[in-house]
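Take a look at the letters that make up each chain.
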Amino acid sequence: MSAPIIVLLLVMLVYPVGQLLLLSVHNSSGFTLVEYKRLFASSVYVDVLLITLKVSLWTTFFSVLTGYPIAYLISSLTRERKNRLLFWVLLSFWTSFLVRTFAWVVLLGRNGVINQVLLGLGIIDRPLSLLYNFSAVIVGMVHALMPLAVLTMLSVMENIDRRLPSAAATLGARPGTVFWKVYFPLSLPGVAAGALMVFVTAIGFFITPTLLGGRHQTMITQLIIDQVMQALNWGFAGAISVLLLAVVLLVFLIYDRMVGLSTMAGGSSAARGPKQGGRWSRKLGDVILTTLGNATDAVIALFPKRRKRAANGESLTLRVVVILLLVFLSAPAFLMIPLSFDSASGLAWPPHGFSLQWYRQIVDSPLWMQAITRSMLVGIGTGILSMLIGTPAAFLLVRGGMKGKAAMLAFILAPIVVPRMIIAVGVFYFFAKIGLIGSSFGLVLGHTVVAVPYVVITMMAVLRNYDTRLDLAAHSMGARPWATLRRVTFPILSAGLMSSFLFAFATSFDELTIALFSSGGLSTTLPKQFWDEITMQISPVIAAVSTCLFAFIAVLIWVADRLRRRSLTS
Amino acid sequence: MSASNLQITGLCKRYGDFVALAPIDLDVAQGEFLTLLGPSGSGKTTLLSLIAGLAQPDDGQVRINGVDVTYGAPYERDIGMVFQNYALFPHMTVAENVSFPLQMRKTDAKATRDKVMQALEMVHLPHLAGRYPRELSGGQQQRIALARCMVYRPSIILMDEPLGALDKKLRDQMQLEIKRIHRDLGTTIVYVTHDQEEAMTMSDRICLMNAGSIAQLGTPADLYFRPKSVFVADFLGESNLLDAVVTGRTGDQVQISVQGGANVHAMAYDAVIRDGKTVKLMLRPQNLQIHDGPPDGSINGGTLSAKLTDIMVTGSMTKLYLQSHISDTPPLVAAFPTNRLGRQYEIGQTLGLSWLTADAVAIAG
């Protein structure tokens, strides 16, 4: 049952990436370390690595810091209100990085919203240059990755027993102490997991630094693109990839040492228990948390006491902070909507009147229309192929009683761990040799590699919740395996199957890195077309495309949510 | 019993249109063991949360030791609470869990150590001090939760179905343990359960709740022998309830006519029960005497004859299910201690049933 996924990963991940890594130590004259010597010969590349780490660390820090209150509030709400807040996080999460980064280009531009507002208020008298610097990159990256941090932390926070804070309060702990000594330590595995996910994604990012950063914010993946596209130096691209991969693996190793990788797979912290640090670090942590608790309580005590207290975890301050953060998260994409109907072409704020010309340009442009059609086809193809390959593997991992399940799962998740850029370059090299560049089939294969782990994870979660006694009941009534699958198992799992299909579809529909190299010159995918346009010139057509994409994603989330609800009520 | 420790007046709570707690009054004496009993949704957990300060009432007052704490935070009340699934902090060891409330009270390190060991000894688990909660069995976690609550000697301990997750044997054992600790410490305990047997065994008084109000408040014997309503009679123990009309009353005794004609005697504790009133006649299964054929006239309560439809041996008790000859009456249950050498009954045979006046109660409604 797991043969297809193993074959896929061997052919599309292990072989191409292996080839790329091999290229870094092998040239026409045999084994060589010349590429690595070059990498460390001058400080240029080491500096880029340091900048990459610096950007990634700051992004991680701010994403977790701002994501924490959102995840905290969402985890404490009742189902109805939870879904309402979660929608905004999901909308951002699924909206293309391209769309959101483009929104920042417009927002921060010389005639952008921020400059216009500040000028209008008379706070400044000349437009500030907000773009192409370190802060712009950090703002864009945090905006891009905060939803990921929220969702990762949320999965841990939802497993924290809500009675524990109540218990602490009855035992005499004040709110600040309750949070720092009880809730916060329990949420730490979520913070660590969120930080890991954000860091690993950030380190392989190129969209935001390319569009929002200047020359001094070049990141390591941009170097790889340069080497492949401009310098055509595969060996050196391979060497940089090795460096990037080594950093990522090192981060995972440290994480495993300190937190344990098993917490990533949704295992609750309580079930596993904290890794025992030294006696002293534990003591130190306790002292810090006690101090933080006392300090918070002292601050709270400064405020006048209200007769009626708010319900648990819903202080007004927290709600205001979360709403502001959600506005930060959603507003940029929403600002695209008025700009896309602008009759002027400068993307300047405020818009000058209503027109549909930019939408007409999309419809009239064969480039855009072909890109949309192709992305749809490739997305659907990727969805179907990922389901066909991923679902049996998920069945095997959940139901099967074989040895080495953990190793198998780690292998299947490898495409998420290995930076996308490395896979993309490897696949490009591989496709170039076998002539698959520019073919839709090649793109489907490439996208399936990165989509299939999500399908497996989603299906595993769905299957774990499935009561296998229902199958046994069907068997006992005389249903044969196929009939059981068709009449009992699949109908119950249909919502789960549908949502993993959507997951795979969305992954492919939004995929840029692999498409960047392998989609070929003439017919591109939507993200690639978007990228080509945006790096050439900034026009309202892109705002129109952004608006369409945004609306499309909102509908997809709405449909997925409907499906999920239907499966809950049936 | 000395002065009241917990005083509740006019306390009520609504969630939207749903009345979780109608205005109620309740006084709990120092050192009393009071059980809030009732079916799920009867408001007992709401009441407990209001006492603990985990929820806020819409109106009314909660006073602990004379101090108004109605809108005070949980940490300002002198209470302890044992939660349904224990709510032990998973990231702290047993000793850290038990010392947590002492640290909150800024107890010095040495006194904390001593008190923690004392509390752990009280629940017989001092050897588990260094373990984490997840390494303990359910029963052990329960004891640690108790220790964590007693260690700081709160004046009231609230327990929310603390034995709900344990199996029967362990539950019986823990009931004894909680009783012993209650005796030793003399703390006031407010205990929530939906298990009537548990309420009967443990409480000084039971507050039986239904649909957000108090159905009856009294000692277990009060509730069992002198139920004020059909709900109480039905909820505590098994009972046969027959429709009847009162024909005369002298003091606590009434003469009533059971549907179908028989005239019998019963006790009536409610003043509203007078001539002509429709009542329910309550007979506990174990108070019914079983006779072959019609019973003689020497019994002072009343008699009935009925056909045996089913026999069930439930272990210590044997239950006979009978259908009275009067139509439209619910099946009757009679019970007696199971004994191997006792007489044999056959399904379908007609048996006589009789009872003493003292065991029959007329209930309004």
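None of these values were measured; they are calculated from a predicted model.

**Section: the overall build of chain B**
Part 1 of the reasoning: Looking only at helices and strands, one finds eight helices and 20 strands in chain B.
Part 2 of the reasoning: With respect to the principal axes defined by its C-alpha atoms, chain B has extents near 75 × 50 × 40 Å.
Part 3 of the reasoning: Split into buried and exposed, the 365 residues of chain B put 41% on the buried side.
Part 4 of the reasoning: Excluding contacts between residues fewer than 6 apart, the proportion of contacts in chain B whose partners are at least 24 apart in sequence is 66%.

**So, unusual backbone geometry**
All names here are of chain B.
Part 1 of the reasoning: In this structure, Asn65 takes a positive phi of about 50 degrees despite not being glycine.
Part 2 of the reasoning: Considering the arrangement of structural elements, one finds Asn65 in the loop between strand S4 (59-64) and strand S5 (67-68).
Part 3 of the reasoning: Look at Asn65 and you get partly exposed, because 16 C-beta atoms sit within 10 Å.
Part 4 of the reasoning: Not every positive phi belongs to a glycine, and Lys106 is a case in point at roughly 55 degrees.
Part 5 of the reasoning: Mapped onto the elements of the fold, Lys106 is located in the loop between helix H2 (94-104) and helix H3 (109-122).
Part 6 of the reasoning: Accessibility expressed as a C-beta count within 10 Å gives 8 for Lys106, which makes it exposed.

**Focus: the interface of chain A and chain B**
Part 1 of the reasoning: With 22 residues of chain A in contact, the opposing surface of chain B contributes 21 residues.
Part 2 of the reasoning: Of all the secondary-structure elements, those providing two or more residues to the side of chain A that touches chain B are helix H8 (163-170), helix H9 (175-203) and helix H13 (269-272) of chain A.
Part 3 of the reasoning: With six residues, the single largest contributor to the side of chain A that touches chain B is H8(A).

**A word on helix H17 (residues 366-399) of chain A**
Part 1 of the reasoning: Between its first and last C-alpha atoms H17(A) spans 48 Å; for 34 residues at 1.5 Å apiece the expected length is 50 Å, and the two agree.
Part 2 of the reasoning: Roughly 30 degrees is the biggest bend found in H17(A), and it falls at Met387(A).

**What to know about the environment of Leu20(A)**
Residues and elements named next belong to chain A.
Part 1 of the reasoning: Checked against the element boundaries, Leu20 lands in helix H1 (residues 3-24).
Part 2 of the reasoning: In sequence terms Leu20 and Val99 are 79 residues apart; their C-alpha atoms lie 31 Å from each other.
Part 3 of the reasoning: In this structure, Leu20 is in contact with Gly238, Ser241, Ile422, Val425, Gly426 and Tyr429, ignoring residues within four places of it in sequence.

**Some details on the nonpolar core**
Part 1 of the reasoning: If you look at the biggest cluster of nonpolar residues, it comprises 254 residues, and the most contacted ones within it are Val425(A) and Ala362(B).
Part 2 of the reasoning: For this core, the element with the most residues is H9(A), which contributes 16 residues.
Part 3 of the reasoning: Two domains share this core, each providing at least three of its residues, namely domain 1 (4-230) and domain 2 (238-364) of chain B.
Part 4 of the reasoning: Setting aside residues no more than four positions away along its own chain, Ala362(B) makes contact with Ala244(B), Val246(B), Val254(B), Ile256(B), Ala266(B), Met267(B), Ala268(B), Ile273(B), Val279(B) and Leu281(B).

**Things to note about the sheet that holds strand S19 (residues 350-355) of chain B**
Through backbone hydrogen bonds, the strands of a sheet pair up, either in parallel or in antiparallel fashion.
Residue and element names in this part refer to chain B.
Part 1 of the reasoning: Spatially, five strands are ordered S15-S19-S16-S17-S18 in an open sheet, and the strand pairing comes out antiparallel. The outermost strands of the open sheet, each flanked by one partner alone, are strand S15 (289-292) and strand S18 (332-337). Neighbouring strand axes in the sheet, compared pairwise and without regard to direction, differ in orientation by 45 degrees on average.
Part 2 of the reasoning: The pairing of strand S17 (residues 317-324) with S18 spans six bridges and is classified as antiparallel. Across the sheet, the residue bridging to Met317 is Pro337, located in S18.

**Details of the confidence of the model for chain A**
Low-pLDDT portions of the prediction should not be read for the details of their coordinates.
Part 1 of the reasoning: In this model, chain A carries a mean pLDDT of 86, and residues with pLDDT of at least 70 account for 94%.
Part 2 of the reasoning: In this model, residues 265-275 of chain A is a region of pLDDT below 50 whose contacts with residues beyond four sequence positions or in other chains number 20 contacts.

**So, the packing of H2(B) against H3(B)**
Residue and element names in this part refer to chain B.
Part 1 of the reasoning: Where H2 meets H3, the closest approach of the two axes is 9 Å, and the angle between their N-to-C directions is 125 degrees. Here H2 lies oblique to H3, going by the angle between them. Crossing of H2 against H3: the hand is right-handed. Here H2 contributes Ala95, Val98, Ser99, Leu102 and Gln103 to the contact with H3, which in turn contributes Thr112, Lys115, Val116, Ala119 and Leu120.
Part 2 of the reasoning: Of the residues assigned to the contact of H2 with H3, the class counts are six nonpolar, three polar and one charged.

**Considering the sheet that holds S5(B)**
Residue and element names in this part refer to chain B.
Part 1 of the reasoning: Taken together, four strands build an open sheet; the order of strands is S2-S1-S4-S5 and the sheet is antiparallel. Each of the sheet's edge strands pairs with one partner strand only, and the pair in question is strand S2 (18-29) and S5.
Part 2 of the reasoning: Of the strand pairs in this sheet, strand S1 (residues 4-15) and S2 are connected by eight bridges, and their pairing is antiparallel. Within S2, the residue paired with Gln7 across the bridge is Asp27.
Part 3 of the reasoning: Its contacts with the sheet place helix H1 (residues 44-52) against S1, S2 and S4, and it is angled at close to 120 degrees to S1.

Conventions and cut-offs
- Residues numbered from 1 in each chain as written.
- Chains lettered and ligands numbered in written order.
- Predicted model: local features only at pLDDT ≥ 70, side-chain atom pairs only at ≥ 80, totals over all residues.
- Helix = DSSP H or I, 4+ residues; strand = E, 2+ residues; numbered from the N terminus.
- Buried ≥ 20, exposed ≤ 12 C-beta atoms within 10 Å, placed from the backbone.
- Contact = placed C-beta atoms within 7 Å.
- Expected span 1.5 Å × (residues − 1).
- Bend = angle between axes of the 7 residues up to and from the residue.
- Core = buried A, V, L, I, M, F, W, Y, C linked by C-beta atoms within 7 Å.
- Domains from an automatic or database assignment.
- Pairing = 2+ DSSP bridges.
- Axes fitted to C-alpha atoms, helices over the stretch in contact; angles between N-to-C directions.
- pLDDT = per-residue confidence, 0-100.
- Parallel < 35°, antiparallel > 145°, perpendicular 65-115°, else oblique.
- Left-handed = near helix turned anticlockwise from the far one by under 90°.
- Nonpolar A, V, L, I, M, F, W, Y, C, P; charged D, E, K, R; others polar.

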